[in-house]
Amino acid sequence: MGMSDVKAEVVAVFPNKVKIVVDDLENFRIAEESLRVGSYLKIADNENAVLVAIIENFQIQARDDGSQDYVIEAFPLGILRDQKFERGGDALAIPPKTVQPATIGDIRLIYGSSLPVKDRFCFSRLATNKEVEVPVDGNKFFNKHIAVVGSTGSGKSHTVAKIVQKAVGATGEYTLNNSHVIIFDIHSEYRAAFPEANFIDSASLILPYWMLNGEELEEFFLDTEANDHNQRNVFKDAVIQSRKAHFTGGEGDKNRIHLDTPLPFDIRDVLDHANFRNTEMVDSGEVYAASNKEKAGQPKLTQGSLYGRLTNFVNRLESKINDRRLDFFLGEKSKSISFEETLRSILGYSTGKQQNVTVIDLSGVPFEVLSITVSLISRLIFEHGYFYKRLRCAADPQEKINNDAPILLVYEEAHKYVPNSELSKFRASKMSIERIAKEGRKYGVTLLLASQRPSEISETIFSQCNNFIAMRLTNPVDQGYVRKLLPDSLGTLIDKMPAFKQGEALLVGESIALPSVVQIEVCAVAPASTDIPYWDLWQQQWKELAIDKIRDEWLRQ
Ligand SMILES: Nc1ncnc2c1ncn2[C@@H]1O[C@H](COP(=O)(O)OP(=O)(O)O)[C@@H](O)[C@H]1O
Ligand SMILES: [Mg+2]
């Protein structure tokens, strides 16, 4: 019995479900393709409109004569008409006539027909059918923020690497194209995947503290929990004074200097000033009486208003200035590097070292300054976009493209910089990244956030994401959270999330023809895996450890 003899009938149509009864499941298939949950069906009502639906479940139904029917429930995806696919299933005239498994050609039409070839950006294939590439609209994909979520080991880092490799790899006729990606790499994974990249780690990073804005400066140098006004006022005045003292420009510009102006100041000036105020003795207006033989007639000194009140602050400043681990921030190099050089280095625009990808390896950055480091770099990139747009619009009021060198910022383990927490130690990075989430698009700065704990990421940020790559996710709280963010129209696709294989993902968003379960393509050059092959290693011969060298490394930081 061939396909044409199979009786397949639509017995019920609901807005989100089509029920089909088939008498012979064995032959109800195309060529060697067997049907399973996730396979596509096409349901025709007339010559040129075909409803495409995805199988959600099978059931067996016994007939009176002892034979069996198969009931298929399928979720309507959209209509194929004149070789074009449109989402939504309400255009089907009732009663539908024929039901057939979709051919590879049909499925390719679903994914390809709506997108001109030049707009296609492709990094995955259909999980149920690896022959079908699933392109996304490259402009829509990178223009909106992207979230990659999944439990550890589900394949997030590989996915991020694949996306970035493909994105920067389309060089066409140029040796250097105009793609710009900056990766915040917390586990030293990405150097392996991008050996050519502009690589910055804690040893080569130079981030001048004087580029911090007011909030960041206060967060870094002050004990913000203590909320001490004296401390804050002394600090502010000293920073501004020091900036003015180091300023070489005109008087007008000098008067405009404030706490946020990214101009050099010397933190030692601030320390000196704080020390001075902490030990200051002032003239009381009185003089010693004649009875005091030694000091008669001399002015009486009394403790200044802040005498002894800044001891904590002074100690804090001293310990920061002397902390070698903070050299990238407070050391000599950060004093001599210019604003422009700093910006060039993080954007991959250093002279003679132009690179599409910049990997900022944060693994050696002390935890207590991680937030401020990420905050400063993120903010600099955002503000770069902002001022670049201003320049472009000033040059040409008709300018339609705000930023002709747009940037993708990648945050691995994003819950570490932008958690759903009000704790002050995360405040700086959270503020900078939330601002990019809300306004970055206008200035050509898009976020790609990868996280194993989506429920722990700031909601402000997540709700701004328009493209989701949801990989295997086992934690029920995270599953529930992701479920809420995704559109209702996904049917049972989302229930598969806990069972995904490595590299499998639910791809959802404005950039894709329809939500789909895909297999991300394998990386040409993979990121460094954090998986340690215990079993292999444990079977090898006992290894000597250079504990003295480990100690030296320990003390060096
Ligand atoms: N697209 C993929 N195809 C096949 N295997 C993959 C894919 N992505 C990841 N893997 C495998 O899964 C492992 C874990 O991937 P990784 O990206 O490090 O996960 P995560 O970042 O989510 O912890 C990798 O070492 C690799 O072997
Ligand atoms: Mg990872």
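Further up the page is the structure itself.
Residues numbered from 1 in each chain as written. Chains lettered and ligands numbered in written order. Predicted model: local features only at pLDDT ≥ 70, side-chain atom pairs only at ≥ 80, totals over all residues. Heavy atoms only, no water.

Q: Tell me about helix H16 (residues 476-485), and please be specific about residues and values.
A: The complete set of buried residues in H16 reads Asp478, Gln479, Tyr481 and Val482. Viewed end-on, H16 has its buried residues packed into an arc of 165 degrees, placing them on one side of the element. Exposed residues lying more than 90 degrees from the buried face of H16 are Pro476, Val477 and Lys484. Among the structural elements, strand S10 (145-149), helix H15 (459-462) and strand S18 (465-470) are those in contact with the buried residues of H16. Two or three places before Val477, at the start of H16, stands the capping residue Asn475, its side-chain oxygen 2.7 Å from that residue's backbone nitrogen. (Buried < 20%, exposed > 50% of the residue type's maximum accessible area, 1.4 Å probe, protein only. Helix = DSSP H or I, 4+ residues; strand = E, 2+ residues; numbered from the N terminus. Arc of directions from axis to C-beta. Contact = heavy atoms within 4.5 Å. Polar contact = N/O pair within 3.5 Å; in protein donor to acceptor, adjacent residues only side chain to side chain.)

Q: How would you sum up the site of ligand 1? Please name residues and give values.
A: Gly153, Lys156, Ser157, His158 and Ile520 are the nearest of the 14 residues found near ligand 1. Here an oxygen atom of ligand 1 and a backbone polar atom of Gly155 are 3.0 Å apart. Interatomic distance of 3.3 Å between a side-chain N/O atom of Gln519 and a nitrogen atom of ligand 1. Burial of ligand 1 by the protein amounts to 80% of the accessible area it has alone, namely 560 Å². Of all the secondary-structure elements, those providing two or more residues to the shell around ligand 1 are helix H3 (156-169) and strand S20 (516-520). The element contributing the most residues to the shell around ligand 1 is H3, with three residues. (Near = heavy atom within 4 Å. Areas by Shrake-Rupley, 256 points an atom, 1.4 Å probe, with all protein chains shown as cover.)

Q: An account of the packing of aromatic side chains is needed here, citing residue identities and associated values.
A: Per the counting criterion, the structure on display carries 20 aromatic pairs. Consider the rings of Tyr534 and Trp538, whose centres lie 5.2 Å apart with planes at 70 degrees: the pair is edge-to-face. Residue Tyr534 and its partner Trp538 are located together in helix H17 (residues 534-538), separated by four residues, close to a single helical turn. Accessibility expressed as a relative area gives 48% for Tyr534, which makes it partly exposed. Taken together, the ring pairs in this structure connect Tyr209, Phe220, Phe221, Phe235, Phe265, Phe313, Phe328 and Phe329 into an aromatic cluster. Over the ring of Phe199 we find Arg191, and its NZ or CZ is 3.8 Å from the ring centre. (Phe/Tyr/Trp six-rings, centres within 6.5 Å; stacked < 30°, edge-to-face > 60°. Lys NZ or Arg CZ within 6 Å of the ring centre and 35° of its normal.)

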